Protein chains: 2
Amino acid sequence: MSDVATTELLGLLKLGKASQVDQALDSLAVQDIADALAEIEAIDGRVDLFQRLPDERQTDTFSYLGDRQQLDLLNALPSATARKILHELLPDDRTAFLESLSADDLENHLKLLGPADLKQSLNLLGYPEESIGRLMTPHFVSVESHWTVARALDHIRHEADRGETVNFVFVTDERGRLVDAIRLKDFILARQDRPVEALMDGEFYSVLASADREEAVQVIQRYDLSTLAVTDKQGVLIGIVTVDDIMDVAEEEITEDFHKLGGAGVLTVSLKEASTTLLFRKRVGWLMILVIMNLLGGAAIAAFEATIQSMILLVFFLPLVIGTGGNAGAQAATLMVRALATGDVQLKDWFKLWGKELSVALALGITLALIVSLVGFYRGGAEIAIIVAISMIAVVVFGSMMGMVMPFILTRFKLDPATASVPLITSIADIGGILIYLTTASLMLSQGLSGG
Amino acid sequence: MSDVATTELLGLLKLGKASQVDQALDSLAVQDIADALAEIEAIDGRVDLFQRLPDERQTDTFSYLGDRQQLDLLNALPSATARKILHELLPDDRTAFLESLSADDLENHLKLLGPADLKQSLNLLGYPEESIGRLMTPHFVSVESHWTVARALDHIRHEADRGETVNFVFVTDERGRLVDAIRLKDFILARQDRPVEALMDGEFYSVLASADREEAVQVIQRYDLSTLAVTDKQGVLIGIVTVDDIMDVAEEEITEDFHKLGGAGVLTVSLKEASTTLLFRKRVGWLMILVIMNLLGGAAIAAFEATIQSMILLVFFLPLVIGTGGNAGAQAATLMVRALATGDVQLKDWFKLWGKELSVALALGITLALIVSLVGFYRGGAEIAIIVAISMIAVVVFGSMMGMVMPFILTRFKLDPATASVPLITSIADIGGILIYLTTASLMLSQGLSGG
């Protein structure tokens, strides 16, 4: 759907069909136009297309561009247009743009704001990074409880253009403190001469502006809200967040979880926009830590040099033993990190899950041991078969337990469970696997020597 | 917030504080009550608590329980209550429950439905699994374009109890075909004597009931909708899906991606509810495939037995070379799979990203090579240092390229990119790493011998 529209617009542009381009710019969704803009390589081309947009669609289109594209475009547009866009942007979209800027860029762009906008933006940027305050818009419609439904609806009609959304009507007391949130639907269904009070049930959800944005995601998801009230510590209503913004945040947080789980650091820009240097910096840290762990694995092998030299065949099964422990650990860690993230599993469940994971790991280990011991027997006789089988069970259990327990431990210490990344678990399982395998082998072989 | 409420309710129950329990059941959110129910081990205790719920809150609470808990509870409740709940469930919630049942259970529960509900449920279950039809509710409010705003609002007032949501009012023609979707807000803001036509702009989004639910997720997310119209192939409006249901679907799809990426198979039940057998079955398949790959890695080592025996020190660096290639591959695969899933990156971008990944991988490989060649020099002199350094660069590049390219290839062939799981990429990188490392070593050493 979107792809088609975007591709069509780009095609019309290439063919130079001016009147059809204008028609498309009039009728296409702003999201699709924003995508088409992002596809145009030359900044001049982007500026041209943007300026052809009907005046009232420019800011809306702008709000759907990526951070860097917004900056590039704003720098290339005439300053009057830039001012207009910054003024017209919804406060939450403006915060999102401003917080993506470097200190210098921020200063330059704040200068383009009028006094009222500047005050509002500085206020919103005053909330901590990743807080709800940074997400919220101070545009909302509130009514008082002693009003009649008719008066409230009149007020809503009058204010609705300012408010971003009016699916919920917020009721405040004389000090501006939130006392209820009522669906707009209930206002329409109610008799017009009744007081707002008669609609109130005192059931509403609100979050603090200073709280982590993750909390807004959870409350909106759990209670199926379309709009969530944001208050200060005194309970005064100061803004709202809407479900569409929350979906974007949820997507970002999930992307963070993915990247962490893959041991790739956390990218805050899109992969397409990320520079080589940024990608290098994000990834090199974990790789270095893991290199050190892998060197430890090497040291473990060196400690068993004599064993290996006495039976070089052992090396043949090394990748198998190392790999399988890591793979089982990756599975366990992935299941656990995701279950902790969705709330499916909580800290208190750890013991029950530990028992279940142990059973699963044992079953997996025994199954795999049966298979590989056949290969072991074929390649090196009964002794190797037994060494490989015992090691297989032990490494699968060890890897799985690491993968299962580490996310819990991290959560327990209020760290992100996804820090127990798959490469980390794999590397830990590698060292464990090497030690288990070569210890088993040296015990078995020394037994064999003394027996023979 | 939710945890507190749930824990409090469970505490009151334990203390036997009957009146306070009843008060809590009256005032707590149904989501929190559902969570408390799920925490009670004994089915009798769950039934008792459920039956203490005010009549009008029972079905709502029921709808927030997990599939299996719903089944257990329904089986344990008196059949009159079970009938009532099945009748009162919203059509989409009822479909979700019914589609989770085994054939026998489904038959038994369909018997509890009245003729109208039965017809509706069979109709909805007739749509393919994971289709939008399975998600939608046929309860919606639609008006006709020639009505006045006042008449439309009257109709909405009258029908609103049947409709799940009225944030959007759908306009249909005389044949029931969707012609527009208008925000309720616009109806309230408009003059009451104007025709509905005057509010129409012909801009609306709709999806086919037979389409994949993933499409509904994308349209709702992209265009920031709270309600999306569902039509049949003739364009007749037959249902709606709402953003809260879509968020649940999105969460499920993301969990699938996580599990696939971790090589853990796809769990359709919660990790907490999953049996040991189910977890074993989901995980053993991939582990076996990977065991075979690891055995190939072993075979690669066996092929170089002479090289290893001539310089046993090579084994010391084997875990490092194997591990690092896999880790770099894991990073690349994770970044790519997630970017493809969010739409940040598309098929046509592959070449640009390929170039960028190559630069990043080269930079990472050279950096790591510098570090480990020092260790190599210390442990085994210049020769080992050079072998390890060359191998390091080559395996990081090889692993990264595999991790980057495989998700693209899978997407190209319309397969899920997340099938390029981290364990799979790691195992491929392992084999590659072994071959690269030992080939380099044997070339260098034979050079050394002929030179010496």
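Predicted model, so just to flag it, every value in this text is computed and none were measured.

*Asks:* Explain the overall build of chain A to me, please; I cannot follow it from the model alone.
*Replies:* A tally of helices and strands in chain A yields 19 helices and six strands. Of all intrachain contacts in chain A linking residues separated by at least 6 positions in sequence, the fraction that spans at least 24 positions is 66%. Split by element, the accessible area of chain A, about 19100 Å² in all, is 56% carbon and sulfur. In chain A, 36 side chains carry a positive charge and 59 a negative one; their mean positions are 2 Å apart.

*Asks:* Can you help me understand the packing of helix 15 (residues 276-303) of chain A against helix 17 (residues 318-342) of chain B in this one?
*Replies:* When two helices pack together, their arrangement is given by the angle between the helix axes and by the axis-to-axis distance. For the pair helix 15 of chain A and helix 17 of chain B, interaxial distance at closest approach is 8 Å and the crossing angle is 150 degrees. With respect to each other, helix 15 of chain A and helix 17 of chain B are oriented roughly antiparallel. Once helix 15 of chain A is placed against helix 17 of chain B, the crossing between them reads as right-handed. Of the residues in helix 17 of chain B, those touching helix 15 of chain A at L279(A), R283(A), W286(A), L287(A), L290(A), V291(A), N294(A), L295(A), G297(A), G298(A) and I301(A) are P319(B), L320(B), G323(B), T324(B), N327(B), A328(B), Q331(B), A332(B) and L335(B).

*Asks:* Looking at this structure, I do not really get the domain arrangement of chain A. What am I missing?
*Replies:* Domain annotation for chain A reports domain 1 (2-126), domain 2 (142-241) and domain 3 (276-451). Computed from C-alpha atoms alone, the centre-to-centre distance between domain 1 of chain A and domain 3 of chain A is 50 Å.

*Asks:* Would you mind showing me how to read a nonpolar patch on the surface here?
*Replies:* Residues and elements named next belong to chain B. Judged by side-chain polarity, L362, I366, L370 and I371 come together as a nonpolar surface patch covering roughly 340 Å² of accessible area. In this fold, I371 is placed in helix 18 (residues 350-412). With a relative accessible area of 32%, I371 lands in the partly exposed category.

*Asks:* Explain the relation of the copies chain A and chain B here, please?
*Replies:* Rotating chain A by 180 degrees and translating it 0.0 Å along the rotation axis places it on chain B, where the RMSD comes to 0.2 Å. The superposition of one copy onto the other is thereby described by a two-fold rotation axis. When the interface residues of chain A are mapped onto chain B, 100% of them again lie at the interface, so the same face is used by both copies.

*Asks:* How should I be thinking about unusual backbone geometry in this particular structure?
*Replies:* Generally, phi is negative for residues other than glycine and the peptide bonds are trans, each holding for most cases. Residue and element names in this part refer to chain A. Residue K414 is not a glycine yet carries a positive backbone phi of 60 degrees. By the element assignment, K414 lies in the loop between helix 18 (350-412) and helix 19 (422-451). On the basis of relative accessible area, K414 is assigned to the exposed category, the value being 78%.

*Asks:* What should I look at first to understand the sheet that holds strand 6 (residues 237-242) of chain B in this one?
*Replies:* Adjacent strands of a sheet form backbone hydrogen bonds with each other and so pair up, either parallel or antiparallel. Residue and element names in this part refer to chain B. Pairing within the open sheet is mixed, and its three strands lie in the order 4-5-6. Looking at strand neighbours, the two that pair on one side only are strand 4 (206-208) and strand 6, the edges of this open sheet. Direction aside, the axes of adjacent strands within the sheet are offset by 35 degrees on average. With three bridges joining them, strand 4 and strand 5 (residues 227-231) adopt parallel strand pairing. Counted as the bridge partner of L208 is T231 from strand 5.

*Asks:* Explain the environment of L49(A) here, please?
*Replies:* Residue and element names in this part refer to chain A. For L49, the position within the fold is in helix 4 (residues 43-52). A C-alpha to C-alpha distance of 9.4 Å links L49 and D22, two positions 27 residues apart in sequence. Among residues more than four places away in sequence, those in contact with L49 are L13, V21, L25, L37 and I40.

*Asks:* I'm lost on the sheet that holds strand 3 (residues 178-183) of chain B in this one. Help?
*Replies:* Residue and element names in this part refer to chain B. Strand order in this open sheet of three strands is 1-2-3, and the pairing throughout is mixed. The open sheet has two edge strands, strand 1 (142-144) and strand 3, and neither has a second partner. Strand-to-strand, the axes of this sheet are offset by a mean angle of 35 degrees, without reference to chain direction.

*Asks:* Whenever I open this one, the environment of L318(A) confuses me. Can you help?
*Replies:* Position of L318(A) among the secondary structure elements: in helix 17 (residues 318-342). Looking at L318(A), the relative accessible area reads 4%, which means it is buried. For the pair formed by L318(A) and D430(A), sequence separation is 112 residues and the distance between their alpha carbons is 9.8 Å. Excluding residues within four positions of it along the chain, L318(A) makes contact with I301(A), I434(A), Y437(A), V315(B) and L318(B).

*Asks:* How do you make sense of the pattern of salt bridges when you look at a structure like this?
*Replies:* Once their charged atoms are close, side chains differing in charge can pair, the charge on each being opposite to the other. Enumeration according to the criterion identifies 35 salt bridges over all chains in this entry. Close ionic contact of D35(B) with R222(A) constitutes a salt bridge, the shortest N to O distance being 2.9 Å. Separated into two different chains, D35(B) in helix 3 (residues 30-39) and R222(A) in helix 13 (residues 213-222) make up a pair that spans both. On the basis of relative accessibility, which here comes to 22%, the residue R222(A) falls in the partly exposed class. Each of E39(A), K272(A), K348(B) and D349(B) takes part in one network of salt bridges that share partners.

*Asks:* Can you walk me through the interface of chain A and chain B in this structure?
*Replies:* Where interface size is given, it is often the accessible area lost as the parts come together that is meant. In this complex, chain A contributes 118 residues to the contact, which on the side of chain B involves 119 residues. Carbon and sulfur atoms supply 66% of the area buried between chain A and chain B, which totals about 10400 Å² over both sides. At the junction of chain A and chain B, the tally comes to twelve salt bridges. The residue R283(B) makes a salt bridge to E357(A) at a minimum N-O spacing of 3.0 Å. Linking chain A with chain B are 38 residue pairs in polar contact (both at pLDDT 80 or more). A per-element tally of the side of chain A that touches chain B places helix 15 of chain A first, with 17 residues. A class-by-class count of the residues in the side of chain A that touches chain B yields 62 nonpolar, 30 polar and 26 charged.

*Asks:* In this structure, what is going on with the nonpolar core? I would like to understand it.
*Replies:* Most often, soluble globular proteins keep nonpolar side chains buried together rather than apart. Formed by 109 residues in total, the largest nonpolar core has its most connected members in L271(A), Y437(A), L271(B) and Y437(B). Listing elements by their share of this core, those giving two or more residues are helix 15, helix 17, helix 18 and helix 19 of chain A together with helix 15 (276-303), helix 17, helix 18 and helix 19 (422-451) of chain B. Ranked by residues supplied to this core, first place goes to helix 18 of chain A with 18 residues. Non-local contacts of L271(B), meaning those with residues more than four positions away in its chain, are made with L335(A), M336(A), A339(A), D344(A), V345(A), L353(A), K356(A) and L279(B). Counting 47 residues, the second largest nonpolar core, distinct from the first, contains L124(A), M247(A), A29(B) and M247(B).

Cut-off values and rules
- Residues numbered from 1 in each chain as written.
- Chains lettered and ligands numbered in written order.
- Predicted model: local features only at pLDDT ≥ 70, side-chain atom pairs only at ≥ 80, totals over all residues.
- Heavy atoms only, no water.
- Helix = DSSP H or I, 4+ residues; strand = E, 2+ residues; numbered from the N terminus.
- Contact = heavy atoms within 4.5 Å.
- Areas by Shrake-Rupley, 256 points an atom, 1.4 Å probe, with all protein chains shown as cover.
- Lys, Arg positive; Asp, Glu negative; His and termini not counted.
- Charge placed at Lys NZ, Arg CZ, Asp CG, Glu CD.
- Axes fitted to C-alpha atoms, helices over the stretch in contact; angles between N-to-C directions.
- Parallel < 35°, antiparallel > 145°, perpendicular 65-115°, else oblique.
- Left-handed = near helix turned anticlockwise from the far one by under 90°.
- Domains from an automatic or database assignment.
- Patch = residues over 30% accessible without salt bridge, like charges linked within 9 Å, V, L, I, M, F, W, Y side chains within 5 Å.
- Salt bridge = Lys/Arg side-chain N within 4 Å of Asp/Glu carboxyl O.
- Buried < 20%, exposed > 50% of the residue type's maximum accessible area, 1.4 Å probe, protein only.
- Least-squares fit on C-alpha atoms with pLDDT ≥ 70 in both.
- Pairing = 2+ DSSP bridges.
- Buried area = accessible area lost by both parts, 1.4 Å probe.
- Polar contact = N/O pair within 3.5 Å; in protein donor to acceptor, adjacent residues only side chain to side chain.
- Nonpolar A, V, L, I, M, F, W, Y, C, P; charged D, E, K, R; others polar.
- Core = buried A, V, L, I, M, F, W, Y, C linked by side-chain atoms within 4.5 Å.

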